[in-house]
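# Examination of the molecular architecture
This is what each chain is made of:
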Amino acid sequence: MSETPGFPAGAAGPGPPAEGELTARARELDKADPLAAVRGRFVLDAPPDETSGGAAVYLDGNSLGALPRAVPDRLADVIAREWGELRIRSWSESGWWTAPERIGDKIAPLIGAGPGRVVVGDSTSVNIFKAVVGGVRMAGKGCTEILVDATTFPTDGYIARSAARMTGLAVRPVEPARIADEVTERTALALVNHVDYRTGRLNDLPGITHALHSAGALAVWDLCHSAGALPVGLDAHHVDLAVGCTYKYLNGGPGSPAYLYIRESLQDRFESPLPGWNSHADPFAMDPDHTPADGIARGRVGTPDILSLLALEAALEAWDGVSIEAVRTKSLALTDFFLECVQACVPPGRVRSLTPSAHERRGSQVSLACAPALGSSFGQGEIPVAGQVMDELIRRGVVGDFRPPDVLRFGFTPLYTSFADAERAARVLGEVLRALPEVSSGDGG
Ligand SMILES: Cc1ncc(COP(=O)(O)O)c(C=O)c1O
Ligand SMILES: Nc1ccccc1C(=O)C[C@H](N)C(=O)O
C-alpha cells in the first residue's frame, strides 16, 4: 500500500487509541468554534450521552444536507397560504415567478458571483447540458473538441458526450491536472469538477481556468462538491459557465433545484439549447418566435418547481451572518482533526487517505480507501469490504457513504458538523476495522 501524507507508515499503534485525549481535544475545539451555534439551525440527532448512545453522527452532507429548521414552517406556509389561499395570484403576489433569479442572487455570494449571474432551476444534469451546448455555441468556429474531466462524476461525462454528438464535436477525457497541457486551439471548452466526488481533491480552478482562456477555450465548472464548502470566486477567476446542485452543502433538500452561472460579459451571447418560454424576453406575450430574455433569465427553461425552490430559499437562511471564509477555516480544521483521529484510532494499513493532505488541494470530505480485507466478520458476500464497513458504521450510528470500488466517504459540513462528530466517527471506524480479520491481500501496510 502506498504511503500517503495523511498516514505516515507505522505511526499508529494497533491498540485502542488515547480516547480521553482526543475527546478532550474535540471538546476544546468545539468550545472555540465560532460556528458552533449555527448547528442549532439544523435538525440533527442530539449528541450521544449515556441514555442516547445510538444517536447518529451525520457525515453525509456531501450527498444530502441536513434539514434546516426554517424549512418546515416556511413550506407549510407556502402550501397552506400561498398555494392554498392565493393560488394563481402567488405567481406575482408571492414572488413565485421571479424566485429563480432571486434565489440565484442568494446563492451568488457563496460562490463569488455578483447579482444577476446565477439562476436556479432544473437538475445539475440539465444545467450541464445548457452550459456545454451554450458554451460550444459561443466558442470559436474551428473548434473540434470538448475536454471532460477524466475523473468526473458520471452524469457530466454522459451529458457532455451527448452534447458533443449533437454539436458535431468530439469529447476527450483529460485529468484535471493535465488540462493546461492538453488544451489546444481546437478546444471549445473544458467541463471540470471543482472537487472530485470520490477523493475529495480540490482542483485548481484559477489555474485551469486561466490555462483554458490562454488557449481561447471556455471554462465550465461543476461546483456540486464545493459550493457552500469553500470559496469559489467565480467572478474573480473569470469563470465562463458553472453549474451546481443545492442539496449537498447548501442543504436545499432532496432533489432541490440546481443552478446555472453565466459570466456577465457572456450573457448576451449565451444561446440556450433549451429555450423554453420562461427564458423568453416576454413570456406572457405568447410569441411563436423566441426572443431570449436579457441577462441570466435566459438560462431558465420552463415553469419552476416552486415548492422545492422555496424550500431552498428558506434553507439558505441558515447562512445568515456566516461567511464562506469562516466555513472554509472550520472545514479544514475538521478534516485535519478527523485525519489525525483516524491515524490514532485505526489499526495501521487498514485505510489509506485518498484526500490530499495539502489544504489547497482538499475539499470538505475525507475519503478513505479501505484495504480489501477478505472474510469479514460481517459475512462474506458480493459487497466489497468497504461497503460492509460502511454498513456497519451506519449501524453503529456513523453515517457516511460508500463509493465503488473501495472508498469510504465522510463529508464535513461546517455549518453543523462538530469536532466531537469527527472524533466519534474515527473511533467507531477503528472499532469496526479492529473487529474485521487482518488484511489478507498482499498490499496492506
Ligand atoms: C459532481 C456532480 N455533478 C452532478 C451531480 C448530480 O446531478 P443531478 O443533480 O442532475 O442529479 C452530482 C451528484 O449527484 C455530482 O456529485
Ligand atoms: N443526488 C443524489 C441522490 C441520491 C443519492 C445520492 C445523490 C448524490 O448526490 C450523490 C453524490 N453526487 C455523490 O457525490 O456521490
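Calculation criteria
- Residues numbered from 1 in each chain as written.
- Chains lettered and ligands numbered in written order.
- Predicted model: local features only at pLDDT ≥ 70, side-chain atom pairs only at ≥ 80, totals over all residues.
- Heavy atoms only, no water.
- UniProt positions renumbered as here; feature names shortened; annotations may be inferred.
- Helix = DSSP H or I, 4+ residues; strand = E, 2+ residues; numbered from the N terminus.
- Buried < 20%, exposed > 50% of the residue type's maximum accessible area, 1.4 Å probe, protein only.
- Contact = heavy atoms within 4.5 Å.
- Domains from an automatic or database assignment.
- Buried area = accessible area lost by both parts, 1.4 Å probe.
- Salt bridge = Lys/Arg side-chain N within 4 Å of Asp/Glu carboxyl O.
- Polar contact = N/O pair within 3.5 Å; in protein donor to acceptor, adjacent residues only side chain to side chain.

Residues annotated by UniProt as "binding site: pyridoxal 5'-phosphate" (unreviewed entry) correspond here to Thr124, Ser125, Phe153, Pro154, Thr155, Asp156, Asp222, His225, Tyr247, Trp277 and Thr303. A stretch of 180 residues holds the annotated residues, and the largest C-alpha distance among them is 30.6 Å, long enough that they do not meet in one place. Turning to its location among the elements, Phe153 is positioned in the loop between strand S5 (145–149) and helix H6 (154–167). For Phe153, a relative accessible area of 38% puts it in the partly exposed group. Within the secondary structure, Pro154 is located in helix H6. For Pro154, a relative accessible area of 31% translates into the label partly exposed.

With that out of the way, let us pick up helix H11 (residues 385–395). Along H11, eight of the eleven residues are buried, which leaves the element largely enclosed by surrounding structure. By the burial criterion, the buried members of H11 are Val385, Ala386, Gly387, Gln388, Val389, Met390, Glu392 and Leu393. Residues of H11 that are buried sit in contact with strand S12 (365–370), strand S13 (398–399), strand S14 (401–403), strand S15 (407–411) and helix H12 (419–435). Just beyond H11, the residue with positive phi is Gly397, at close to 90°.

On to the domain arrangement of the protein chain, then. Partitioning the protein chain into structural domains gives domain 1 (19–68 + 323–435) and domain 2 (71–319). For domain 1 versus domain 2, the separation of C-alpha centres amounts to 30 Å. Of the residues lining the interface, 34 residues belong to domain 1; the matching set on domain 2 comes to 28 residues. Here domain 1 meets domain 2 over a buried area of about 2,400 Å², counting both sides, of which 60% is carbon and sulfur. When the buried surface of domain 1 facing domain 2 is broken down by residue, Pro68, Ile324 and Arg361 rank first, second and third, together holding 24% of it. Viewed at the interface, domain 2 and domain 1 are joined by zero salt bridges. The tally of links from domain 1 across to domain 2 stands at 13 residue pairs in polar contact (both at pLDDT 80 or more). If you list the elements that add at least two residues to the side of domain 1 that touches domain 2, you get strand S3 (67–68), helix H10 (324–345), S12 and S15. Residue contributions to the side of domain 1 that touches domain 2 peak at five residues, all from H10.

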